[in-house]
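Examination of the molecular architecture
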Amino acid sequence: MLSDSEKPDRQNETIDLFLRKFQKELNAGTLSLVLLGVLDRAKEELYGYQIAKLLEKAGGGRTMFKQGALYPVLRGMSANGLLSSRVEPSTSGPPRRYYRITGSGRLILTKWWDAWQATRDFVDTLMNAKDEK
Amino acid sequence: MNMSAPRSIDAYLEQLRQTLHGQDAAVIQDALYDAEEYLRAEVAGQADRPEAEVLEAIASSYGAPDEVAQAYIDTEIKVQAALAAPAIRKPKTPAGRIFGIFMDPRAYSSLFYLVFSMATGIFYFTFAVTGLSLSAGLMILIIGIPFFLLFLATSRVLSLVEGRIIESFLGVRMPRRPTCDIGMLVLVMHGARGLGTMQGRIAKTLLVESGND
């Protein structure tokens with residue numbers, strides 16, 4: 001009995017693991033695109049927590065990534081010159097780092113957006129074609 | 001590693017620190033800094049709920065300490081790869097090892113840093129001596145205290161700049177954010193209050209004595 005109830009559990013775990021791995025690989029590229037997009041649309045500078053909450057709201061309270069993963073991506077893009085940043089003290093905790101998109105960031109964003117649309121269209125066409133067969 | 005879910009901000013940060021143990025000190029500092037910003041904002045935003053309850057929900061929004069640690073480690077690997085100088089062929093003969101130093105770009109950038117640091121060193125020394133002696137001298141007047149705070153803040157910015165210089169010349173990863181130590185600020189504020197009380201006493205004795213004469 002016990003082994004019977006254990007089996008589907010292990011299978012579910014494996015499926016879960018594959019799903020999480022796939023999601024992580026997807027996020028590796030899309031997160032940077034989404035963050036650049038958010039900062040491009042923002043009228044003012046945003047800090048990490050604000051961005052995290054913005055994305056959470058856009059995702060209807062759920063996001064396909066952990067919000068802790070945003071910060072290292074922001075820092076990486078800032079080091080690459082896609083974003084500029086400024087530190088300002090805050091009342092609730094350590095000083096906040098505010099991010100703003102740079103000119104080269106905007107340029108890269110249009111390129112990435114094109115690449116994303118091409119990829120999405122390609123995947124959609126391929127998957128739908130398979131459905132029809 | 002099976003750690004119980006953290007129930008306070010400090011416990012969360014401690015778990016994150018433990019999970020990142022052995023990583024570059026700069027990465028640990030950055031990760032803790034980011035996590036503290038998020039957690040404090042989250043707890044402050046939900047003031048009506050107890051901290052432990054907010055922290056329970058953190059694992060599904062911000063991520064559990066080990067997940068967050070992994071994100072930083074993954075990014076750091078990419079940063080390291082980007083920072084690293086192109087790999088050079090390691091010479092095998094003893095003579096090659098000795099004279100191969102002339103082919104190593106790292107040696108030239110280090111040499112340049114040595115010369116460069118003479119200029120920056122003179123500047124830092126002058127800055128520190130002027131800043132410290134001026135703050136000590138102006139302590140008698142009240143402007144000494146804000147001047148000292150300004151001096152501390154500027155030296156912090158200067159050390160971050162120095163960090164970036166070292167990173168580019170010597171290829172050693174440096175923190176990109178200042179440490180946030182409340183202790184120093186508390187110490188300065190206490191010092192200021194103590195100084196104010198002392199000044200008040202001195203002024204009082206002076207006035208009382210001159211009144212008696």
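About the cut-offs
Residues numbered from 1 in each chain as written. Chains lettered and ligands numbered in written order. Predicted model: local features only at pLDDT ≥ 70, side-chain atom pairs only at ≥ 80, totals over all residues. Heavy atoms only, no water. Helix = DSSP H or I, 4+ residues; strand = E, 2+ residues; numbered from the N terminus. Buried < 20%, exposed > 50% of the residue type's maximum accessible area, 1.4 Å probe, protein only. Contact = heavy atoms within 4.5 Å. Areas by Shrake-Rupley, 256 points an atom, 1.4 Å probe, with all protein chains shown as cover. Buried area = accessible area lost by both parts, 1.4 Å probe. Salt bridge = Lys/Arg side-chain N within 4 Å of Asp/Glu carboxyl O. Polar contact = N/O pair within 3.5 Å; in protein donor to acceptor, adjacent residues only side chain to side chain. Expected span 1.5 Å × (residues − 1). Bend = angle between axes of the 7 residues up to and from the residue. Phe/Tyr/Trp six-rings, centres within 6.5 Å; stacked < 30°, edge-to-face > 60°. Lys NZ or Arg CZ within 6 Å of the ring centre and 35° of its normal.

Looking only at helices and strands, chain B has 8 helices and 0 strands in total. Shown N-terminal to C-terminal, the secondary structure of chain B runs as helices and strands in the order α-α-α-α-α-α-α-α. Burial analysis of chain B (213 residues in total) assigns 29% to the buried set. When contacts within chain B are restricted to residue pairs at least 6 apart in sequence, those whose partners lie at least 24 apart make up 59%. Summed over its atoms, the accessible surface of chain B is roughly 13700 Å², and 69% of this surface lies on carbon and sulfur atoms.

Contact residues are listed per partner, giving 26 residues for chain B and 22 residues for chain A. Together chain B and chain A conceal approximately 2100 Å² of surface at their shared face, both sides included; 56% is due to carbon and sulfur atoms. Counting the contacts that link chain B with chain A gives 5 salt bridges. Measuring nitrogen to oxygen at the nearest pair gives 2.3 Å for the salt bridge that ties Arg75 of chain A to Asp34 of chain B. Where chain B packs against chain A, one counts 13 residue pairs in polar contact (both at pLDDT 80 or more). Put simply, the parts of the chain that give the side of chain B that touches chain A at least two residues each are helix 2 (25-45), helix 3 (51-63) and helix 4 (65-83) of chain B. Element by element, the count of residues in the side of chain B that touches chain A is highest for helix 2 of chain B, at 11 residues.

Another point: the pattern of salt bridges. Counting across every chain of the model gives 18 salt bridges over all chains. Notably, a salt bridge pairs Glu53 of chain B with Arg49 of chain B, separated by 3.2 Å at the nearest N-O pair. Accessibility expressed as a relative area gives 31% for Arg49 of chain B, which makes it partly exposed. Several salt bridges converge on common partners, so that one network encompasses Glu45, Arg86, Glu88 and Arg100 of chain A.

Right, let's get into helix 6 (residues 105-138) of chain B. Residues and elements named next belong to chain B. Here helix 6 is 34 residues long and its end C-alpha atoms lie 48 Å apart, about the 50 Å a rise of 1.5 Å per residue gives. Remark: the principal bend of helix 6, roughly 30 degrees, maps to Ser117. Along helix 6, the residues that are buried comprise Ser109, Tyr113, Thr120, Gly131, Ser135 and Leu138. In this structure, the buried side of helix 6 is in contact with helix 7 (144-170).

Scanning the model with the defined rule gives 12 aromatic pairs over all chains in all. By the ring-pair criterion, three or more aromatic residues cluster together here, those being Tyr49 and Tyr71 of chain A together with Tyr12, Tyr38 and Tyr62 of chain B. One Lys or Arg, Arg86 of chain A, reaches over the ring of Tyr98 of chain A and ends 5.5 Å from the middle of that ring.

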